[in-house]
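Observations on chain architecture
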Amino acid sequence: MSHPRITPTARTGSTQDTPSARTHTGEPTPDTASTSIRPSLTDLRHHLTTHLDPPARTWLDHALDEAAAHPGLHGPISVWELRLAEAGRRCGPAHADAARVLILDAARAGTDALTRVYFQGTADERRAVLHALPHLVSGPGALPLIEDALRTNDTRLLSAAVGPYAARHLTAHAWRHAVLKCLFTGIPVDHVADLPRRSAGDGELARMLADYAAERTAAGRSVPEDLDRVLDLTESVTPAAPGTDHPHGKES
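This text gives an overview of the structure that appears in the document. The structure presented is a predicted model; accordingly, all values stated were derived computationally and were not measured.

Comments concerning helix H12 (residues 203-218)
Here H12 is 16 residues long and its end C-alpha atoms lie 22 Å apart, about the 22 Å a rise of 1.5 Å per residue gives. Leu205, Ala206, Met208, Leu209, Tyr212, Ala213 and Arg216 are the residues of H12 that are buried. Looking straight down H12, one finds that the buried residues subtend no more than 165 degrees of arc, so they occupy a single side. Facing away from the buried surface of H12 by more than 90 degrees, the exposed residues are Glu215 and Ala218. The elements touched by buried residues of H12 are helix H10 (172-185), helix H11 (195-199) and helix H13 (227-234). Structurally, the start of H12 carries an N-cap: the backbone nitrogen of Glu204 is 3.2 Å from a side-chain oxygen of Asp202.

Some words on the nonpolar core
Judged by nonpolar contacts, the single largest core of 66 residues is most densely connected at Leu60, Trp80, Ile103, Leu130, Leu133 and Ile146. For Trp80, the contacting residues outside a window of four places in its chain are Ala67, His70, Pro71, Gly72, Leu73, Ile103, Leu104, Ala107, Ala109, Ala113 and Val117.

Quick notes on the packing of aromatic side chains
Summed over the entire model, instances satisfying the criterion amount to 1 aromatic pair. Residues Tyr118 and Phe119 carry aromatic rings whose centres are separated by 4.9 Å and whose planes lie at 85 degrees to one another, so their mutual orientation is edge-to-face. Arg126 extends its terminal NZ or CZ atom over the ring of Tyr118, reaching a point 4.8 Å from the ring centre.

Points about the environment of Asp194
Here Asp194 shows up in the loop between H10 and H11. Remark: the alpha-carbon pair of Asp194 and Val162, spanning 32 residues in sequence, is separated by 9.4 Å. Polar side-chain contacts of Asp194 include one of 2.7 Å to the side chain of Arg197.

Conventions adopted
Residues numbered from 1 in each chain as written. Predicted model: local features only at pLDDT ≥ 70, side-chain atom pairs only at ≥ 80, totals over all residues. Heavy atoms only, no water. Helix = DSSP H or I, 4+ residues; strand = E, 2+ residues; numbered from the N terminus. Expected span 1.5 Å × (residues − 1). Buried < 20%, exposed > 50% of the residue type's maximum accessible area, 1.4 Å probe, protein only. Arc of directions from axis to C-beta. Contact = heavy atoms within 4.5 Å. Polar contact = N/O pair within 3.5 Å; in protein donor to acceptor, adjacent residues only side chain to side chain. Core = buried A, V, L, I, M, F, W, Y, C linked by side-chain atoms within 4.5 Å. Phe/Tyr/Trp six-rings, centres within 6.5 Å; stacked < 30°, edge-to-face > 60°. Lys NZ or Arg CZ within 6 Å of the ring centre and 35° of its normal.

Below is the structure:
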């Protein structure tokens, strides 16, 4: 079933509501990388080795060695948790996310450790935890962290929350609302991992998008530029992966 397109006069861009959303995404990727490409841990390490100055590289090597030597949680705070707090000052804001993800990996941080860092850490540290989830947690046990981030209006946390971990584990209902949250806050849908597969053939998402566009138009407000793009994706059909009963995950 096709859906009506939003007319150009109704769309002046969602970034009018959140002007910084497109420039402060918090991705731990090189600045020139596409947001649809998620880097591996090897890619992150190579990028930092290439771009950090010698003192920062030396600090990072030492921090990773420390984390590997004393993994897991130890007392009120582990030594590698202290290094997470230092990463912004030592590596600079442009590289801090990637450095923190590598430290979490070296510390073999499991769900308990990631949860502690997330709820006790700064917004920067929370964002690093969200970026680390697809690398460090295989099952849905860390979903409460994603759900907490999706309740905020911090666009950098939201952008990190809709990464590969959310694509794998969020229920269809929660994932649809995450897509709407991105549109509402001005986060480009390029940041939503696996968007084409999870949107394909999703009539309920199409209905929600159409309702949202109608509400915005009735209120005299602009409709996000990406909304038609997601609507188009809902009209496509992507075969389910082998062994998957439903292409959009289990409803709850």
